[in-house]
Amino acid sequence: MEDSPLRIHDIMACDVYWDFDGTPLPREQHKFLVSFHPTPGIPTPELVRSITARGPDGYRVEFANQPFTPANTNGHVYDRTLDYYWYMVNLPEGFLPGGVYSIEVVGTDGSVRNRSRHQDIAASRRLVEHYTARREEILASFAPSGRRELETVPAAGELECSWKTLDQLGGPDAYYIHRLSTGDSAREFDTQNLTWWDNIFVQRMRGRSDAGLNRSSVRVRADLAADTRYAYFVEATDANVQSETNVCVFQPHQYFRTPSATGAAANA
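Model, not experiment: these values are computed from the prediction.

Within the largest apolar cluster, 29 residues are counted, with the highest numbers of intra-cluster contacts made by Val-220, Val-249 and Phe-256. Mapped by element, the contributors of at least two residues to this core are helix H1 (121-133), helix H2 (135-140), strand S11 (175-182), strand S14 (229-237) and strand S15 (247-250). Here this core gets four residues from one element, more than from any other, and that element is S14.

This paragraph deals with the pairing of strand S3 (residues 48-54). Note: S3 against strand S7 (residues 99-107), six bridges, orientation antiparallel. Each residue of the ladder has a partner; that of Arg-54, found in S7, is Ser-102. Here three bridges tie S3 to strand S4 (residues 60-62), and the two strands are oriented antiparallel to one another. Along S4, the bridge assignment pairs Ala-53 with Val-61. Between S3 and S4, which pair antiparallel in sequence order, lie five residues; one of them, Asp-57, sits at a positive phi of approximately 55°.

Glancing now at the pairing of strand S5 (residues 74-79). Burial runs high along S5: five of the six residues are buried. Pairing geometry for S5 and strand S6 (residues 84-91), over six bridges, is antiparallel. When the sheet's bridge partners are listed, Val-77 is paired in S6 with Trp-86. Hairpin connection from S5 to S6: four residues lie between these consecutive antiparallel strands, with Asp-83 at a positive phi of about 55°.

Spatially, the four strands line up as an open sheet ordered S4-S3-S7-S8, and their pairing is antiparallel. The sheet is open, and its two borders are formed by S4 and strand S8 (112-119), each paired with just one other strand. Going across the sheet, the axis of each strand differs from the next one's by a mean of 20°, ignoring polarity.

Here the focus is the layout of surface pockets. Of the volumes computed, that of the largest pocket is approximately 660 Å³. In this structure, the largest pocket is lined by 34 residues; those nearest its centre are Trp-18, Phe-20, Phe-68, Pro-70 and Thr-191. With four residues, the top contributor of residues to the lining of the largest pocket is S6. Residues of the lining of the largest pocket, tallied by class, amount to 20 nonpolar, nine polar and five charged. Taken as a whole, the second largest pocket spans an internal volume of roughly 370 Å³.

Quick look at unusual backbone geometry now. In this model, Ala-143 is joined to Pro-144 through a cis peptide bond whose omega is -5°. Topologically, Pro-144 is positioned in the loop between H2 and strand S9 (148-149). Even without being glycine, Asp-57 reaches a positive phi, approximately 55°. Secondary-structure assignment places Asp-57 in the loop between S3 and S4. A relative accessible area of 84% means that Asp-57 is categorised as exposed. A positive phi is found at Thr-73, a non-glycine position, where the angle reads about 45°. Following the sequence through the fold, Thr-73 ends up in the loop between S4 and S5. On the basis of relative accessible area, Thr-73 is assigned to the buried category, the value being 15%.

The next thing to look at is the pattern of salt bridges. Applying the stated rule across the entire model yields twelve salt bridges. Here Glu-62 and Arg-60 are joined by a salt bridge, their closest N and O atoms 2.8 Å apart. The exposure class of Glu-62 is partly exposed, given its relative accessible area of 34%. For Arg-60, a relative accessible area of 52% gives the class exposed. A salt bridge links Glu-137 to Arg-134, with the shortest nitrogen-to-oxygen separation between them at 2.7 Å. By relative accessible area, which is 31% here, Glu-137 ends up partly exposed. Owing to a relative accessible area of 32%, Arg-134 belongs among the partly exposed residues under this scheme.

So, how was this worked out
- Residues numbered from 1 in each chain as written.
- Predicted model: local features only at pLDDT ≥ 70, side-chain atom pairs only at ≥ 80, totals over all residues.
- Heavy atoms only, no water.
- Core = buried A, V, L, I, M, F, W, Y, C linked by side-chain atoms within 4.5 Å.
- Buried < 20%, exposed > 50% of the residue type's maximum accessible area, 1.4 Å probe, protein only.
- Helix = DSSP H or I, 4+ residues; strand = E, 2+ residues; numbered from the N terminus.
- Pairing = 2+ DSSP bridges.
- Axes fitted to C-alpha atoms, helices over the stretch in contact; angles between N-to-C directions.
- 1 Å grid on protein atoms, 1.4 Å probe; cavity = no way out; pocket = protein on both sides within 12 Å on 5 of 7 lines; lining within 4 Å.
- Points joined across faces, edges and corners; volume = space filled by probe spheres on them.
- Nonpolar A, V, L, I, M, F, W, Y, C, P; charged D, E, K, R; others polar.
- Salt bridge = Lys/Arg side-chain N within 4 Å of Asp/Glu carboxyl O.

What follows is the structure in C-alpha cells.
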C-alpha cells in the first residue's frame, strides 16, 4: 500500500562493542534498528504489526512492540524533539558475520516495507581493535567526569563535554554521538527521556556530510537543572548514516552533578 503512513526512514544492522561499566552483558554484541518517518496524528507503534530482521544462514530475530528499556533491550524509542520513533533490539550474541541483512516491517494495514544493507566486518574489527588498544587513555580524557560538582548550573550552550578521539591517537576516523540524561548510574540513564543528544544522523540528513566526524567535544544545547546528577556517554561509530554503520562502540558512562541554585549564585 503505497499510501501507508508507515514509512521506513533508515535501518541499522551492526556490531556493538558494549563497554558500559557494571553490566553482566558481554562486550561483543550486535543490534538492529529501524527508524520511521513521523506519523502525525497516530503513534507509530499503533501502525506496526511486526518487524523482523533477517541475515545469512537463516538468521532471524523479531522486534518487540514495546517501549525499549535497558532491561529488555528490545522495543521502541520516541524522540520528542522530532516526533518520530525508532525500534531497536540489542543482542548479546557476539558480532555479526559479514553479509546482507534486511529488516521487514509489516503494518496493521497489511503494507510491507523492506530495507537491506551489507555488514563490513573488516571496518568493524578495525575500529574496535584501535579502541581497546587505547581505551585507558581515552577514558582518562573525558571531562567532566568523576562525579565532580560543576561550579555553576549551565544554561544551554555553556557546558562543554570533551574527550580524545581515535584519530588523535593514531587510529581511524570515526563519528561521535553524545547522549546526556539525568541519573547517577548506567541503569538510571533514561534513553526514553534524554536531556540532550547530538543526533549526527539527523544532521547528516540535513546536509552536514561531516556531522560527528572526529568530533572531540560538544556543547550541550539544553538548560541543566540545579542540584541534579547527570550521566552521559559517547558512542563512536564508523558512519553517520544508519544504513552505512558497521559498528557502534558504547564507551563507559561519565558522571557529574550540578550545584544547588543557592550555591551556584554564591559562586557567581
